[in-house]
Structures are given as structure tokens and as C-alpha cells.
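In case you want the letters, here they are:
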Amino acid sequence: MKPRSSLVLAGLATLPFAAVLVAWLGIFNVAASTGHWPITNWFLHFAMRSSVRTYAFGITVPDLRKTGLLQPAAAHFDTGCAFCHGAPGMVPSPAALAMLPPPPYLVHKVGEWTDAQLFRIIRHGVRYTGMPAWPALERTDEIWGMVAFLRRLPSLDAEGYRRLVEEPSVRDRPSAFDAAIARCARCHGRDGIGRDEAVPVIAGQSSAYLIGSLRAYVEGKRPSGMMEVALSQTDASILDMLARYYAGQPLPAKPVGADPVSAARGREIAEQGLPGKSVPACLGCHGGSRKNPAYPKIVGQKRAYLEAQLRLFAESRRGGTDYAHIMTKVAGKLSEKDIEDVATYLTSIK
Ligand code: HEC
Ligand code: HEC
Ligand code: HEC
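No experiment lies behind these values; they were computed from the predicted model shown.

Calculation criteria
Residues numbered from 1 in each chain as written. Chains lettered and ligands numbered in written order. Predicted model: local features only at pLDDT ≥ 70, side-chain atom pairs only at ≥ 80, totals over all residues. Heavy atoms only, no water. Core = buried A, V, L, I, M, F, W, Y, C linked by side-chain atoms within 4.5 Å. Buried < 20%, exposed > 50% of the residue type's maximum accessible area, 1.4 Å probe, protein only. Helix = DSSP H or I, 4+ residues; strand = E, 2+ residues; numbered from the N terminus. Contact = heavy atoms within 4.5 Å. Near = heavy atom within 4 Å. Polar contact = N/O pair within 3.5 Å; in protein donor to acceptor, adjacent residues only side chain to side chain. Nonpolar A, V, L, I, M, F, W, Y, C, P; charged D, E, K, R; others polar. Domains from an automatic or database assignment. Buried area = accessible area lost by both parts, 1.4 Å probe. Salt bridge = Lys/Arg side-chain N within 4 Å of Asp/Glu carboxyl O.

Undergrad: How do you make sense of the nonpolar core when you look at a structure like this?
TA: Side chains of a nonpolar character, in soluble globular proteins, are inclined to be buried together. Counting residues in each nonpolar core, the largest one holds 30 residues, and the members touching the most others are Phe-77, Ile-122, Met-146, Val-147, Phe-149, Leu-150 and Tyr-161. Those elements that provide at least two residues to this core are helix H3 (70-80), helix H6 (115-124), helix H7 (140-152) and helix H8 (158-165). The dominant element in this core, judged by the number of residues it contributes, is H7, at 7 residues. Discounting residues that sit within four places of it in the chain, Tyr-161 has contacts with Ala-74, Phe-77, Asp-78, Ala-82, Ala-87, Pro-88, Phe-149 and Leu-156. Core analysis: the second largest hydrophobic core is formed by 18 residues, Ile-269, Met-327, Leu-334 and Leu-346 among them.

Undergrad: Explain the site of ligand 3 to me, please; I cannot follow it from the model alone.
TA: Residues in contact with ligand 3 amount to 27 residues; listed here are only the nearest, Cys-282, Cys-285, His-286, Thr-321 and Met-327. His-286 places a polar side-chain atom, nitrogen or oxygen, 2.7 Å from a nitrogen atom of ligand 3. Note that an oxygen atom of ligand 3 is positioned 2.8 Å from one of the side-chain N or O atoms of Arg-318. Counting residues per element, the ones that place at least two in the shell around ligand 3 are helix H14 (282-286), helix H15 (303-314) and helix H16 (324-332). Examining the composition of the shell around ligand 3, we find that 5 residues originate from one element, H15, more than from any other. Residues that form the shell around ligand 3 fall into these classes: 20 nonpolar, 5 polar and 2 charged.

Undergrad: Where do I start with the domain arrangement of the chain in this structure?
TA: Per the domain assignment, the segments of the chain are domain 1 (57-165), domain 2 (176-247) and domain 3 (260-346). Once you take the C-alpha centre of each, domain 2 and domain 3 turn out to be 22 Å apart. Contacts between the two partners involve 19 residues from domain 2, matched on the other side by 17 residues from domain 3. For the pair domain 2 and domain 3, the two sides together bury roughly 1,400 Å², of which 49% comes from carbon and sulfur. The three residues of domain 2 that bury the most area against domain 3 are Glu-197, Tyr-209 and Arg-222, which together make up 37% of that side's buried surface. Linking domain 2 to domain 3 there are 0 salt bridges.

Quick look at the structure:
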């Protein structure tokens, strides 16, 4: 063998080790947040389309008008697919849209596939994308029902879709409000006290502030993955009702014991501010009777939440209503000790 070709061979032989080394070093970025390169994107779609085309070859398509199961397929779509793909009158969950690749809005996509190809995709799913396989592979009748439904999908408006998916008797269906409260209660409780130290007390909060905050989450002006997802399933027309409901819940102010030195210093900040750093008195805005309803109550709020929000404001990561910039400025001047002392005081009073 010539020296050069043995060099090439040796190089090739080390390739697998180099690949393992790269994987072990962790340089390869598996983050979904950064997206694929355009070339990777193109290649993956190209490979997916080719694979579906090849594997769909030879699938015999039944008469879709006679498959039955179209209506149950619609109802199944609503529970099993719409979360990712959206549906007429319903946007997909923000959590699903953050997937890589993001699930396509099928209303616009089904026309690009043949019946056999749709059958293949729904039955087997798409590897590495989150698109799941049908749970019972042998139930091809169910899968054809879904294909028949997807063919109908582009011609449905929101009303037509709902009629297909839901039983029409409205009486025993929970109202949009009850359904929403049940979701909020998973974290906030029905009493609005919150089931964890990091979940804010929203009971007894000013309703102007609550509605302003809910809108800020919906409009992307206050970042929180949890609240954005929770609100994506909530009809915008009932946000006012939800805010009023929680504002009307009693706030059992439960002062907790506190380190007296820290509380005394916190009291000074709350009542007089820090003139040396031109920090205004917190309670000038957050307490008393002259208070603007857009300014939230912070007495009775939880310690972990108070501190976390002050840090978020200070780092310009909080957002909020049209008044939020006021707090960004105030919090930016507080030291870590100021934050702890003022939180100690605020949680030690009624
Ligand atoms: C967890 C999220 C998720 C769920 C649930 C899901 N899908 Fe998908 N689906 C995807 C993703 C992501 C793709 C894109 C795959 C790609 O681009 O290669 C996809 C692709 C598809 C496609 C091909 C569309 C195209 O043009 O790329 C069809 C058809 C489809 N899904 C139907 C369904 C049906 C029917 C259901 C319910 C039984 C369902 N999906 C459930 C995530 C999901
Ligand atoms: C998965 C848990 C979860 C669910 C479900 C949830 N929340 Fe929240 N909520 C939180 C957390 C955590 C925060 C604090 C977020 C932040 O840091 O901005 C929050 C913040 C809020 C705030 C801002 C409070 C303040 O003092 O600024 C309001 C208002 C609110 N939620 C109302 C609701 C309503 C109404 C629902 C039901 C539609 C709901 N939440 C569902 C966890 C949840
Ligand atoms: C000039 C008025 C003003 C002053 C002074 C002020 N705040 Fe605020 N604060 C606001 C407003 C307005 C908001 C609501 C921001 C939003 O979400 O839109 C707020 C929000 C907050 C929040 C978030 C509450 C929640 O439920 O999420 C905390 C915590 C807070 N302030 C603490 C303080 C502390 C501590 C001080 C004193 C160091 C202080 N504030 C001084 C106006 C003020």
C-alpha cells in the first residue's frame, strides 16, 4: 500500500473516535431554542418528505366517504393533536410552538400530502420531531378516520369545528369561566393564596392590577412561560371576570416572625425610601389610601415571590403593565441586602 492511501485509511479509521470525542465534549448544541441552521432544516424536511413518499408507496386507500369514524377522529384531534397543531378558532400552545421543528398549522398543510402519505405520517409519526405515532398501530380503521377528518379540516370554520368536536347540549358543559378557574387553581388555588412560596398571592389584589398583568402576559410584555401557557387556553373575553374573582377573595394577612434588625431597616426603606440612593418610599405607591389601583398591594405578598420579582425588575427581565418601567428604575437601585430587609419588613406586617 502507498503511504498516502494508508494515511487516508488511518484518517478514516479515527473518524468514529473523533465523532465520539465531539459528542463527549458536549460541543454539539442540542438546544431547541437556537433553531436549526437553514441547511439542516432543508435537509431534515427533504429527508422526511422522501421517507414518507417511499413508505406510502403501495398503501391501498379505502373510500374515505365510507370509513366512518370521521366525527370521533375530530374529537380525538381536539384532545390529541390540536395542542400542537392548532385548529380552526384555536391557536396551538406556546409550549408546542417552542418545539423544534414547530408543529405546522395543518389547515394549510394537508393539501400538500396524498391520502396514503397522511396515513403513513399519522400511523408512524415522525422521528426526532415530537410528532407521535398512533398509539394502536393495528387500528388502521381509526387512522383512516383521521385522514378523512384532515381532508375535511380546511373547509371548517371555528363554529363548524366546535360542532363536530363537542356534544351540543350546553347545559352540562362547564362554563368557560369554571373551566378556566379550574386551571388557574392548579397553581393559585381557588382562594388565590397560591400553592407554593413562589406563586404570588393574587387574592385581594387590586383588580385593575390583575387585569393589567394578565394582558401583559398575553401580549408578551411580561415574560413567564408558565403564565403564557396557562393563558393560551383561556378565552380573552373572560380575563376581566377572572381578575375580579381573585380580587374579591379575602386576603388573610398572615404576618410572619422576623429578624428585628432587618425588619427595622426594611421599615425605613418602605416608609422613607433610601434618600442617599434616591429610592422613593415603597409605601408611597404601594400603601395608604391615595394609592393608584394600578399599583399592586405588596403587604401580605410572599417573601420568595417579592424578592424574585425585585431581582427580575432590577435585571430588566420583569416587564408588566404600562407602569412597569417605574419599578425597573426603583429596583435597579436596591442592593441584595435592601431587597432582603424590605421583604422581611413587608412580610412581618398586616
Ligand atoms: C407533540 C406535538 C405533536 C402532536 C401531539 C401531534 N403532532 Fe403532528 N407533527 C408534529 C410536528 C413537530 C410535525 C412536523 C414534522 C416535520 O416537520 O418533519 C408534525 C407533522 C404532522 C403532519 C405532517 C404535516 C407537514 O406538512 O409536515 C401531519 C399530517 C400531522 N402531524 C398530523 C397529526 C395528527 C393527526 C395528530 C394527532 C393524532 C398529531 N399530528 C399530533 C407535532 C405533533
Ligand atoms: C402552572 C402554574 C400556574 C397556572 C396554571 C396559572 N398561574 Fe398565574 N402565576 C404563576 C406563577 C409562577 C406566577 C408568577 C409569574 C412571574 O414571575 O411573572 C403567576 C402570576 C400570575 C399573576 C400576576 C400576579 C402578580 O402579583 O403580578 C396573575 C394575575 C395570575 N398569575 C393569574 C392567573 C390566572 C387568572 C390563571 C388561570 C387562567 C393562572 N394565573 C394560571 C403560576 C400559574
Ligand atoms: C412610584 C411608584 C412606586 C414606588 C415608589 C415603588 N413601586 Fe413597586 N411597583 C409600582 C408599580 C406601578 C408596580 C406594577 C408594575 C407592573 O407589573 O406593571 C410595582 C410592582 C412592584 C412589585 C411586584 C408586585 C407583584 O405582585 O408582582 C414589587 C415586589 C414591588 N413593586 C416592590 C416595591 C418596593 C420594595 C419598593 C420600594 C423599594 C417599591 N416597589 C417602590 C410602583 C412603585
